[in-house]
Amino acid sequence: MRRVFGYLGAYKMRIAVGLFLKTVGSLAELFLPIIMAYMIDTIAPTRNTVALILYGVAMLLVSVAALVSNVVANRVASRVARDTTERLRNDLFIKTFSLSFRQADEITMPSLVSRLSSDTYNVHNMIGMAQRMGIRAPILLIGGVAMTFVLDPVLALVLLAVVPFLTVFVVFIASRGVKLYTNLQRSVDGMVRKVRDDHTGIRVIKALSQTERESKTFSALNEEVSMRERKAGVTMGITNPVLNFFLNLGMTAVILVGAFRVAGGKAEVGQIIAFTSYFTIILNAVIAVSRIFVMLSKGTASARRIEEVLELPKDLKVVPVEGKDDEALIRFDHVTFSYGGKPVIKDLSFTVGRGETVGILGGTGSGKSTLVSLLLRFYDVDEGQILIEGKDVKSYSSKELRAKFGVVFQSDFLMSASIRENIDFERGVSAQEIEKAAECACAEEFISSQEEGYESKLAVRGANLSGGQKQRLLIARALAANPQILVLDDSSSALDYKTDAKVRRQIQKNYSSLTMLMVAQRISSVRGADKILVLEGGEAVGFGTDEELMQTCETYRSILKSQGGTENE
């Protein structure tokens, strides 16, 4: 909570002005009943019309002062809540991009989305409510009680008899509320995860006629969210009725005792009327306090979830490691890595020379994509070293390291923007380089067939392109900034053999100094590489040319045979 409330420091003066106005407006409201009581009990019996009019005007002025002060204070509170939440949301968004993949995996992407949306919304409501009612409700509550003592101490004590019950109840409900709303937000995380996954794979779901099954799964998650929401709502919803019950008991006792006191000449009618007005003020203040506790319960739970992300330590720090001369551009030196369980990369060593093309071949789960993630330092190795130009990847800043790469991932994405904007990706690439990259990726042919060419708009995730067209566009994006190293992570799976071969020839012809890592399951995509790394179960079972592997690597021969190839291809 301290971290979140620290954002309010920039608005100290604005908050102070708002709270001052709220105090003025609340105090003005407190004086209205006592002025009314004085008019009824003191001025009215004298039949002094001028005095009655003057006191009436005074009540009107006090009412206007209360109205204006409260309206202005509410507007100030809204602006503070808006600006604070805007800064908090921006910082949280930036923080999510600075998280390492390991940290993001632990929190999960759906949870990050939920914290950026519903949790920041709850904090916004809490900050706004705290300013609007945090001062007003206590002033009206305490001030109302104080005024009842001014009017009639005996009746005030009768009303105060219910306060201990109210206090115990509010504290109990508040402690329960934070836990209930924390559990509710966790359930929302799960529902967001399901919605994201289903919307991403909606075509597959429909194609496999799994719409009904996915609907049932979502219904179960939705029911869990509704159950937790209902439980929190019921628990917090009893607050107002119970508080009203206790206060009504107190008011009933007050009216009975007050009637006897009026009959006995110990109290006046105006006092009783004013007392009931203060009772209404106190009742509304207690209701407001209960609403504050509900909002604080939600906001506190959300603020803690936000702080969990904001206070995560910086992972993948730049570590000064002494470099060394190395003929290899890339060197994996006895690298071992796991995601927290069994190692998925085991004692892996190989080198890639400048300008070489290296194919990385292996079945599903062999560690190919993990190798790419380690090279880009999305994760740190558990053991060993990864060197680029003789420097450990840990000694590069993330910007410096990744500027060396052009990457096409297995599950890449396209923006809902023009083809040119998707290739450029806001990197300031010249039109000449964009067109050169598109031509080398064999994307020029379908781009030129579009009505607006490079300015043609793509649908969300490139839904208006075929799989092969999307992959060629992504390869063009990777080439456009003239990277030193090009990584193609199974990025030709949707290309036919002829187009795949043509793309590789074009890249080698037009980007001759480029070092290329081609991750593939299809052996035909890597047979022409200078070297081929064969992975099995996270271990290197072969490394060499196609001819060398045919002689020395049984796994390589098995893959070739299983894919219908021959040694003479």
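The structure displayed is predicted, hence computed values, not measured ones.

(A) Region of the structure containing the overall build of the chain. Tallying secondary structure elements over the chain gives 21 helices and ten strands in all. The globule rule puts the C-alpha radius of gyration for 569 residues at 25 Å, and the 35 Å found for the chain is more than 25% above it. Along the longest, intermediate and shortest principal axes, the C-alpha atoms of the chain span 120 × 55 × 45 Å. The burial tally for the chain puts 47% of its 569 residues in the buried class. Counting only contacts in the chain whose residues sit at least 6 apart along the sequence, the fraction spanning at least 24 positions is 77%.

(B) Structural view of the packing of helix H6 (residues 136–151) against helix H12 (residues 269–310). At a minimum axis distance of 8 Å, the contact between H6 and H12 shows a crossing angle of 155°. When the axis of H6 is compared with that of H12, the two are roughly antiparallel. Judged by the sense of rotation from one axis to the other, the crossing of H6 with H12 is left-handed. Of the residues in H12, those touching H6 at Ala137, Leu140, Leu141, Gly144, Val145, Met147, Thr148 and Leu151 are Gln271, Ala274, Phe275, Tyr278, Ile281, Ile282, Ala285, Val286, Ala288, Val289 and Ile292. Taken together, the residues of the contact of H6 with H12 break down into 16 nonpolar, three polar and no charged.

(C) Spotlight on a negative patch on the surface. Taken together, the side chains of Asp347, Asp382, Glu383, Glu536 and Glu539 make up a negatively charged region of the molecular surface. Of note, Glu383 is situated in strand S4 (residues 383–388).

(D) Up close: helix H18 (residues 467–480). Spanning 14 residues, H18 covers 20 Å between terminal C-alpha atoms, matching the ideal 20 Å at 1.5 Å per step. Most of H18 is tucked away, with twelve of its 14 residues classed as buried. Every buried residue belonging to H18 is among Gly468, Gln469, Gln471, Arg472, Leu473, Leu474, Ile475, Ala476, Arg477, Ala478, Leu479 and Ala480, and all of these are buried.

(E) Structural detail: the pairing of strand S7 (residues 485–489). A large share of S7 lies buried, amounting to five of its five residues. Neither face of S7 is open: one carries Ile485, Val487 and Asp489, the other Leu486 and Leu488, and all of them are buried. Note: S7 against strand S8 (residues 515–520), five bridges, orientation parallel. Along S8, the bridge assignment pairs Asp489 with Val519.

(F) Layout of the pattern of salt bridges. One pass over the full model with this rule turns up 16 salt bridges. Here Glu212 makes a salt bridge to Lys216, at a shortest N to O gap of 3.7 Å. Of this pair, Glu212 and Lys216 are both found in helix H10 (residues 211–237), four residues apart, which corresponds to roughly one turn of the helix. Each member of the pair, Glu212 together with Lys216, is exposed. Linked through salt bridges whose partners overlap, the residues forming this network are Arg14, Arg82 and Asp83.

(G) Representation of unusual backbone geometry within the structure. The phi dihedral of Asp347 falls on the positive side, at around 45°, and the residue is not glycine. Within the secondary structure, Asp347 is located in strand S2 (residues 345–353). Backbone geometry places Glu426, a non-glycine residue, at a positive phi of 60°. Here Glu426 shows up in the loop between helix H15 (419–424) and helix H16 (431–440).

(H) Focus on the packing of aromatic side chains. Applying the stated criterion across every chain, the model contains nine aromatic pairs. With a centroid separation of 4.9 Å and an interplanar angle of 85°, the aromatic rings of Phe337 and Tyr339 are classed as edge-to-face. Assessed through its relative accessible area of 0%, Phe337 is described here as buried. Judged by relative accessible area, Tyr339 falls into the partly exposed class, the value being 42%.

(I) Region of the structure containing the nonpolar core. The biggest cluster of nonpolar side chains holds 46 residues, and the ones touching the most others in it are Ile423, Ile447, Leu473, Leu479 and Tyr556. Considering each element in turn, this core owes the most residues, seven residues, to H18. Once residues lying within four places of it in the same chain are set aside, the contact partners of Tyr556 are Leu361, Ile523, Arg527, Ile532, Val534, Asp546, Leu549 and Met550. Val381, Val393, Val487 and Leu517 belong to the second largest nonpolar core, which has 32 residues in total.

So, how was this worked out
- The residue numbers shown here count from 1 along each chain, following its written sequence.
- Given that the model is predicted, a residue must reach a pLDDT of at least 70 before its local features are reported, and side-chain atom pairs must reach 80 or more before they are shown or counted; all residues, however, enter totals for whole chains, interfaces and linings.
- Hydrogens and water are ignored here; the side-chain numbers use all heavy atoms of the structure.
- Secondary structure elements follow DSSP: runs of H or I no shorter than four residues count as helices, runs of E no shorter than two count as strands, and numbering proceeds from the N terminus.
- For a compact globule the rule gives 2.2 Å times the number of residues to the power 0.38, and the radius of gyration it is set against comes from C-alpha atoms.
- Throughout, exposure labels follow a simple rule: accessible area from a 1.4 Å probe, protein chains only, divided by the maximum for the residue type, with under 20% read as buried, over 50% as exposed, and the rest as partly exposed.
- Throughout, a contact is declared for two residues whenever any of their heavy atoms are within 4.5 Å.
- Axis angles are defined between N-to-C directions and span 0 to 180 degrees, where every axis is a line fitted to C-alpha atoms and, for a helix, only to the segment in contact.
- Small angles under 35 degrees read as roughly parallel and large ones over 145 as roughly antiparallel, with 65 to 115 read as roughly perpendicular and the rest as oblique.
- Put simply, a crossing is left-handed when the front helix is turned counterclockwise from the back one by less than a right angle, and right-handed when it is turned clockwise.
- Ten residues, namely Ala, Val, Leu, Ile, Met, Phe, Trp, Tyr, Cys and Pro, are considered nonpolar, four, namely Asp, Glu, Lys and Arg, are considered charged, and the remaining ones, Gly among them, are considered polar.
- Surface patches are defined over residues having more than 30% relative accessible area and no salt bridge, joining like charges when they lie within 9 Å and nonpolar side chains (Val, Leu, Ile, Met, Phe, Trp, Tyr) when within 5 Å.
- Residue exposure ignores everything except the shown protein chains as possible cover, and the areas themselves are Shrake-Rupley values with a 1.4 Å probe.
- Salt bridges are identified by distance alone: a Lys or Arg side-chain nitrogen within 4 Å of an Asp or Glu carboxyl oxygen.
- Asp and Glu are treated as the negative residues and Lys and Arg as the positive ones, with His and the ends of the chain left uncounted.
- Every charge is mapped onto a representative atom, which is NZ of Lys, CZ of Arg, CG of Asp or CD of Glu.
- To estimate how far a helix should extend, the number of its residues minus one is multiplied by 1.5 Å.
- Strands pair, by our definition, only if DSSP identifies at least two bridges between them.
- Each pair of aromatic rings taken from Phe, Tyr and Trp, with Trp reduced to its six-membered ring, is defined by centres within 6.5 Å and is described as stacked if the planes are under 30 degrees apart, edge-to-face if over 60, and tilted in the remaining cases.
- What we call a nonpolar core is a set of buried Ala, Val, Leu, Ile, Met, Phe, Trp, Tyr and Cys residues that are connected through their side-chain atoms within 4.5 Å.

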